[in-house]
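Results of the structural survey
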Amino acid sequence: MENALQHIKETTLDFLRSRFKQIHGFDDANREMLQLSGINDFFLTEQDFQLFLELLEPRPKVADTTMRREYGDFQTPPNLSKTVCDFLLSYGISPKVLIEPTFGKGSFILSAIETFPMLEEIHGVEIYEPYCWHTKFAVLELFIEKPNLNRPSIFLYRNDVFKFDFHKLVEITRKQEMLVLGNPPWVTSSELSALNSTNIPTKSNFKSHNGLDAITGKGNFDIGEYIILMMLNAFADHTGSLAMLVKNSVIKNVLQDLPNTTYPISNLVALRFDAKVHFNASVDASLFRCSFGSRSTNGGSASGGKAGQDQLTCKVATLVSPQSIESEFGWVGNKFVSDITAYQETQFYDGSSPFVWRQGVKHDCSRILELELIDRKLMNGFNEFVDIENDLVFPLVKSSDIQNSLIVTPRKFVIITQKKVGEETTFIAQRFPRLNRYLSDNLRFFSERKSSIYNGKSPYAIFGIGEYSFKPFKVAISGFYKKPFFSLVPPYNNKPTMLDDTCYFLGFDNQTQVAFVLLILNSEPVQKLLRSLTFLNAKRPYTKDILMRIDIHKVAEHLGFDRVRDKGLADKLPESILQSLTREKWVEFLASCENVSQTKSQYSLFKQPSSISAGIVS
Ligand SMILES: C[S@@+](CC[C@H](N)C(=O)[O-])C[C@H]1O[C@@H](n2cnc3c(N)ncnc32)[C@H](O)[C@@H]1O
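Being a predicted model, the structure only gives us computed values, none of them experimental.

Some words on the pairing of strand β16 (residues 412-415)
On β16, burial covers both faces: K412 and V414 on one face and F413 and I415 on the other are all buried. Pairing of strand β15 (residues 393-397) with β16, which is carried by four bridges, proceeds in the antiparallel orientation. Directly across from L396, in β16, lies its bridge partner K412.

Shown next as structure tokens:
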């Protein structure tokens, strides 16, 4: 309460001092506050009221410097919450009941009171007591300054949103136009577990990922997404809408999971705003808005799909120009895409890759396992020269190296301790004594690896390794970069080059095959397809799931030998490779694609149908 009163103007405090000079009883105080502010049970206890009287005495201000990372605390500046409410009003939204699931310092509650003249009831939840006081006094101040404003009945619950029973509000809201409004916490479940925080829903694996997916990050979710789903669960079949400020990745995830739900929502829109300006946060974020009560169906609109099917798409514009729709993303039939219009031109190539994409090697011990060649000697990440046998040292390419069509010389080397995942590493001691001494001298760096995938494995275990890692010719892409650029990675000094785990690659036995694949992947149709599938604000826009959707065989047949061979890109490969790209080799290449495709489809006959998940991007 002390902090909240620091934010109240001196004129408001003077007003309160004069009103409360004669009020000494707790019930009278709450009656007075209800009359002034519309807030029910303003003081929860007699002590609260006595503290309030004490704090009304003049005192010096103290700075509020609390860091609240685990609460995803980014309070909405009043100008932004007002812009959002004005936009909603202009859109014809004028609720009678408002729900703010994590109201913080009350920015949205205050703006809603000022904007929506029909408001009769407000229900807000917030876990942090100082913010509850802050909001109460800010609402009180608003009505003292503007006594003629419409005064709804306000219920502010100090509670944990994950424990609060929103269903108890369902009856109040069912027959009235309602609005769920706010800005839920900006924090992910994995950030919370790194902070050992308990501010997490008990059903934390709510997407039901299996153990490995949960460990490797697919089970990670944003608290904002969880709260949106809680709201849809409770209120989507009401009359009204939802409008929340969230990261773009949250909106994408909500859309992606919609086919697995029956929430009756429609008119989905994401209106971008500058999170750096408003929250000093370097993240892409938008106002996510949708209407409750019905699920729109497809009538042959831009989003494609059969007429009568659910239309699960979201339009994209900006909060400053909400009418100028820039693009639309979501589901086209059973495929999830980032740009529906661009996708219509390239969907022919969206299928299944004849070759299996792989992620590079993961070891989480780069200072020991990654080496550089300095004066013909190997040096590790601690700038120590390393004297080891060369047998298990392989050339290494990382994301930052993937910039040219051909990577001739590797910048780094990596010690590969296993040929496949789970292999014993005892052979190192028997065959490579100097390497064994180097690894055992640095054993503690392996033991300190945080990821639980290393638990119970041999001490020098690595992941993302298999027969495929030792294929001599590779074509690789960085998962992190915005532009989908592919490089040819040949062997170096007769050793296959490894990729690190920020990269994805296809491995081949011969140079012509890899060169054809490289030219196809860097061709315009594939680049366009990838642009229509990927969400560039994702940390890793290119994933194995996305890359597996490129039907290299179809693109090859459609482009034909002359266009592949004559592309401007082909000129960037050395003459020695270009000369080997003959028409005969092309025919062989097409046949090899077909063979792999046939083997795959015969194999898939014995597998369970993979349903809609085939189109899901991770
Ligand atoms: C991103 S801030 C936004 C606050 C407010 N909605 C606004 O727009 O300014 C998120 C708020 O969620 C609150 N919060 C975090 N975890 C919570 C929980 N488990 N239950 C209720 N509120 C929570 C934080 O204290 C913080 O005030």
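What to know about the site of the ligand
The immediate surroundings of the ligand are formed by 24 residues, with T76, T102, E126, V161 and N199 found nearest. Residue I127 places a main-chain N or O atom 3.3 Å away from a nitrogen atom belonging to the ligand. Across the complex, the protein chains shield 100% of the 580 Å² of accessible surface that the ligand would expose by itself. If you map the ligand onto the pockets, it falls in the largest cavity.

Concerning helix α11 (residues 223-235)
Here α11 contains 13 residues, and its C-alpha end-to-end distance of 18 Å stays within 8% of the 18 Å for a straight helix at 1.5 Å per residue. Summarising burial for α11: 12 of the 13 residues are buried, a large majority. Within α11, burial applies to I223, G224, E225, Y226, I227, I228, L229, M230, M231, L232, A234 and F235.

Examining the sheet that holds strand β1 (residues 97-100)
The mixed open sheet is built from 10 strands, whose spatial order is β3-β2-β1-β4-β5-β7-β6-β8-β9-β10. Strands at the two margins of the open sheet, each flanked by one partner only, are β3 (153-158) and β10 (335-337). Strand-to-strand twist in this sheet, taken as the mean axis angle between neighbours without regard to direction, amounts to 15°. In terms of strand pairing, strand β5 (residues 240-247) meets strand β7 (residues 285-292) through seven bridges, oriented antiparallel. The partner of K247 across the bridge, within β7, is A285.

Describing the sheet that holds strand β18 (residues 486-489)
Ordered by their spatial adjacency, four strands build an open sheet running β11-β20-β17-β18, and the pairing between neighbours is antiparallel. Edge positions in the open sheet fall to β11 (358-359) and β18, since each of these has one partner strand only.

Observations regarding helix α20 (residues 524-533)
Counting buried positions along α20 gives seven out of 10 residues, so the element sits mostly inside the fold. Taken residue by residue, α20 has P525, V526, Q527, L529, L530, S532 and L533 as its buried positions. Looking at the buried positions of α20, the neighbouring elements they touch are β10, α14 (340-346), β18, α19 (511-521), α21 (544-547) and α22 (552-566).

As for the packing of aromatic side chains
For the structure on display, the rule yields 38 aromatic pairs. Between the aromatic rings of F52 and F137, the centroid separation amounts to 5.6 Å while the plane-to-plane angle is 20°, which identifies the pairing as stacked. Of this pair, F52 sits in helix α4 (residues 46-55) while F137 is found in helix α7 (residues 129-145), placing the two residues 85 residues apart along the sequence. Both residues of the pair, F52 and F137, belong to the buried class. Relative to Y349, the ring of F348 has its centre 5.4 Å away and its plane inclined at 70°; by these criteria the two rings are edge-to-face.

Comments concerning unusual backbone geometry
With the exception of glycine, the majority of residues adopt a negative phi angle, and the majority of peptide bonds are in the trans configuration. Positive phi values are uncommon outside glycine, yet N383 reaches one of about 60°. Along the chain, N383 falls in the loop between β13 (377-379) and β14 (385-386). Take N383: its relative accessible area is 59%, and that puts it in the exposed class. Positive phi outside glycine occurs at N493, with the angle close to 50°. Checked against the element boundaries, N493 lands in the loop between β18 and β19 (498-499).

Topic: empty space enclosed by the protein
Taken as a whole and assessed by the stated rule, the structure comprises three cavities of 30 Å³ or more. Y71, T102, G104, E126 and P185 are, among the 29 residues lining the largest cavity, the residues nearest its centre. Among the secondary structure elements, those contributing two or more residues to the lining of the largest cavity are α6 (107-115) and β2 (121-126). Split by residue class, the lining of the largest cavity holds 13 nonpolar, 10 polar and six charged.

Re the environment of I200
Tracing the sequence through the fold places I200 in the loop between α9 (189-194) and α10 (211-216). Exposure remark for I200: the relative accessible area of 24% places this residue in the partly exposed category. Expressed as a C-alpha distance, the spacing of I200 and I223, which sit 23 residues apart in the sequence, is 7.5 Å. Among residues more than four places away in sequence, those in contact with I200 are F162, S189, L192 and I223.

Topic: the side chain of Q513
Mapped onto the elements, Q513 comes out in helix α19. Once you skip the residues sitting within four places of it in the chain, Q513 turns out to touch F355, F508, F589 and S592.

Brief notes about the nonpolar core
Membership of the largest hydrophobic core comes to 61 residues, with the highest contact counts inside it found for F52, F137 and L181. Residue-level mapping places this core at the junction of two domains, with at least three residues from each of domain 1 (2-55) and domain 2 (69-187 + 222-293). Beyond its immediate sequence surroundings of up to four residues, F137 is in contact with M1, A4, L5, I8, M33, F42 and F52.

Focus: the environment of D551
Along the polypeptide, D551 turns up in the loop between α21 and α22. Under the relative-accessibility criterion, D551 is labelled buried at 13%. For the pair D551 and S353, spaced 198 residues apart in sequence, the C-alpha to C-alpha distance is 4.6 Å. With residues up to four places along the chain from it excluded, the contact list for D551 reads Y349, G351, S352 and P354.

A look at the packing of α6 against α7
As a packed pair, α6 and α7 sit with axes 10 Å apart at the nearest point and diverge in direction by 25°. The orientation of α6 relative to α7 falls into the category roughly parallel. Crossing handedness for the pair α6 and α7: right-handed. In contact with I109, L110, I113 and E114 of α6, α7 contributes T135, A138, V139, L142 and F143.

So, how was this worked out
- Residues numbered from 1 in each chain as written.
- Predicted model: local features only at pLDDT ≥ 70, side-chain atom pairs only at ≥ 80, totals over all residues.
- Heavy atoms only, no water.
- Buried < 20%, exposed > 50% of the residue type's maximum accessible area, 1.4 Å probe, protein only.
- Helix = DSSP H or I, 4+ residues; strand = E, 2+ residues; numbered from the N terminus.
- Pairing = 2+ DSSP bridges.
- Near = heavy atom within 4 Å.
- Polar contact = N/O pair within 3.5 Å; in protein donor to acceptor, adjacent residues only side chain to side chain.
- Areas by Shrake-Rupley, 256 points an atom, 1.4 Å probe, with all protein chains shown as cover.
- 1 Å grid on protein atoms, 1.4 Å probe; cavity = no way out; pocket = protein on both sides within 12 Å on 5 of 7 lines; lining within 4 Å.
- Sits in = over half its atoms within 2 Å of the grid points.
- Expected span 1.5 Å × (residues − 1).
- Axes fitted to C-alpha atoms, helices over the stretch in contact; angles between N-to-C directions.
- Contact = heavy atoms within 4.5 Å.
- Phe/Tyr/Trp six-rings, centres within 6.5 Å; stacked < 30°, edge-to-face > 60°.
- Points joined across faces, edges and corners; volume = space filled by probe spheres on them.
- Nonpolar A, V, L, I, M, F, W, Y, C, P; charged D, E, K, R; others polar.
- Core = buried A, V, L, I, M, F, W, Y, C linked by side-chain atoms within 4.5 Å.
- Domains from an automatic or database assignment.
- Parallel < 35°, antiparallel > 145°, perpendicular 65-115°, else oblique.
- Left-handed = near helix turned anticlockwise from the far one by under 90°.

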